[in-house]
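Structure assessment
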Amino acid sequence: MDSNVYQHFRKSEHPFIDAAYGWLETVERQYAPYLTDFLDPRQAYILETLLQQNGNLHFQFYGGYEAAERKRCLIFPDYYQVEADDYQLELYEIVYPLKFAKLSHGKVLGTLMSAGIKREYFGDIISDGTRWQVFIANEIANYVLQQVDKIGRVGVRLEKRAYVDLILPVDSWELEHTTSSSLRLDALIATVYNISRQRAKELVESGKVKVNWTENTRPDFLLDLLDIISIRGFGRIQLQALEGKTKKEKYRLQLGVLRK
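Here we summarise the structure given alongside this text. (Residues numbered from 1 in each chain as written. Predicted model: local features only at pLDDT ≥ 70, side-chain atom pairs only at ≥ 80, totals over all residues. Heavy atoms only, no water.)

With that settled, consider the overall build of the protein chain. Across its full length, the protein chain carries six helices and 15 strands. Relative to the globule expectation of 18 Å for 260 residues, the C-alpha radius of gyration of the protein chain, 20 Å, shows essentially globular dimensions. Once the C-alpha set of the protein chain is aligned to its principal axes, its extents read approximately 55 × 55 × 30 Å. Buried positions account for 46% of the 260 residues belonging to the protein chain. Looking at the protein chain alone, contacts between residues at least 24 apart form 61% of all its contacts between residues at least 6 apart. (Helix = DSSP H or I, 4+ residues; strand = E, 2+ residues; numbered from the N terminus. Rg over C-alpha atoms; globule rule 2.2 N^0.38 Å. Buried < 20%, exposed > 50% of the residue type's maximum accessible area, 1.4 Å probe, protein only. Contact = heavy atoms within 4.5 Å.)

Quick look at the structure:
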């Protein structure tokens, strides 16, 4: 283990780094593949950094479709031939009365979480505006089917779907380039949504902002590569690239933005 790697990441990310090193050691010791749970983009970036430093192992990420945001990673030795089934994920459609009810990403996510299903056990929740689908780790699929029969007050059932039945998600990141005086959480929100820094600070402190799916109430929290920021009522931001600084020392940023 390279102890110097910790200095490149947040202290809060050190437990994930420790876990990731354990996965790598398991593959090297057992000379057999290891499959992670679903990782968010920031976790995937950290894991890929560690794997590239290792050099002895191979890896592939997959989340059910090409543009997936949350993915599982298969780490394997050089002899191993990867097959699609190795990722052990299943696609389920949420069947509900379309004419009489309306679902949302937040309602679906909240239902799964309240059923005791950890976020790392399911991948992207996608919709074409009417239909809703979710990728689930197959080891907990039966549990999910037993637990989820309502979303809010709407009666639902989950039905397994083949890959050919995958819907085309209506939401897609819009690529934007901007500059920001700071990588602080409140500064980036203010820049992207053209609101005052004070308004952005209030949104953060009132619990309306999540970073990588975890509530963050610190306006001065410093963002980093591939962080995803969710702002209730506004949308989402992904910090896709840090492109240096301007002559006035502002950060040049490439962002993915979803606006409500």
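Past the structure itself, the notes keep going.
On the basis of which strands lie adjacent, the open sheet formed by six strands has the order E10-E15-E14-E13-E11-E12 and antiparallel pairing. Because the sheet does not close on itself, it has two edges, and the strands there are strand E10 (174–180) and strand E12 (214–215). With seven bridges joining them, E10 and strand E15 (residues 251–259) adopt antiparallel strand pairing. Residue pairing for E15: Glu-174 is matched across the bridge by Val-257. Across the sheet, helix H5 (residues 185–193) is in contact with E10, strand E11 (209–211), strand E13 (228–231), strand E14 (235–245) and E15; its angle to E15 comes to roughly 65 degrees. (Pairing = 2+ DSSP bridges. Axes fitted to C-alpha atoms, helices over the stretch in contact; angles between N-to-C directions.)

As a further point, take a positive patch on the surface. Together, Arg-199, Lys-208, Lys-210 and Arg-232 make up a positively charged patch on the protein surface. With a relative accessible area of 35%, Arg-199 lands in the partly exposed category. (Patch = residues over 30% accessible without salt bridge, like charges linked within 9 Å, V, L, I, M, F, W, Y side chains within 5 Å. Areas by Shrake-Rupley, 256 points an atom, 1.4 Å probe, with all protein chains shown as cover. Salt bridge = Lys/Arg side-chain N within 4 Å of Asp/Glu carboxyl O. Lys, Arg positive; Asp, Glu negative; His and termini not counted. Charge placed at Lys NZ, Arg CZ, Asp CG, Glu CD.)

All right, on to the packing of H5 against helix H6 (residues 197–205) then. Interhelical geometry of H5 versus H6 gives an angle of 120 degrees and a closest axis separation of 8 Å. Viewed along their axes, H5 and H6 adopt a mutual orientation that is oblique. By crossing handedness, the relation of H5 to H6 is classed as right-handed. Note on element contacts: H6 touches H5 through Arg-197, Ala-200, Lys-201 and Val-204, opposite Leu-185, Asp-186, Ala-187, Ile-189 and Ala-190. Residue composition of the contact of H5 with H6, by class: six nonpolar, no polar and three charged. (Parallel < 35°, antiparallel > 145°, perpendicular 65-115°, else oblique. Left-handed = near helix turned anticlockwise from the far one by under 90°. Nonpolar A, V, L, I, M, F, W, Y, C, P; charged D, E, K, R; others polar.)

It is worth spelling out the sheet that holds strand E1 (residues 34–35) at this point. Strands sit in the order E1-E3-E2 across an open sheet of three strands; the sheet is antiparallel. Sheet topology places E1 and strand E2 (58–62) at the edges, where each strand pairs with a single neighbour. In terms of strand pairing, E2 meets strand E3 (residues 72–76) through five bridges, oriented antiparallel. The residue of E3 that forms the bridge with Phe-61 is Cys-73. In the packing of helix H1 (residues 14–30) onto the sheet, contacts are made with E1 and E3, and the angle to E3 comes to roughly 35 degrees. Helix H2 (residues 41–54) rests against E2 and E3 of the sheet, and its axis sits at about 165 degrees to E2.

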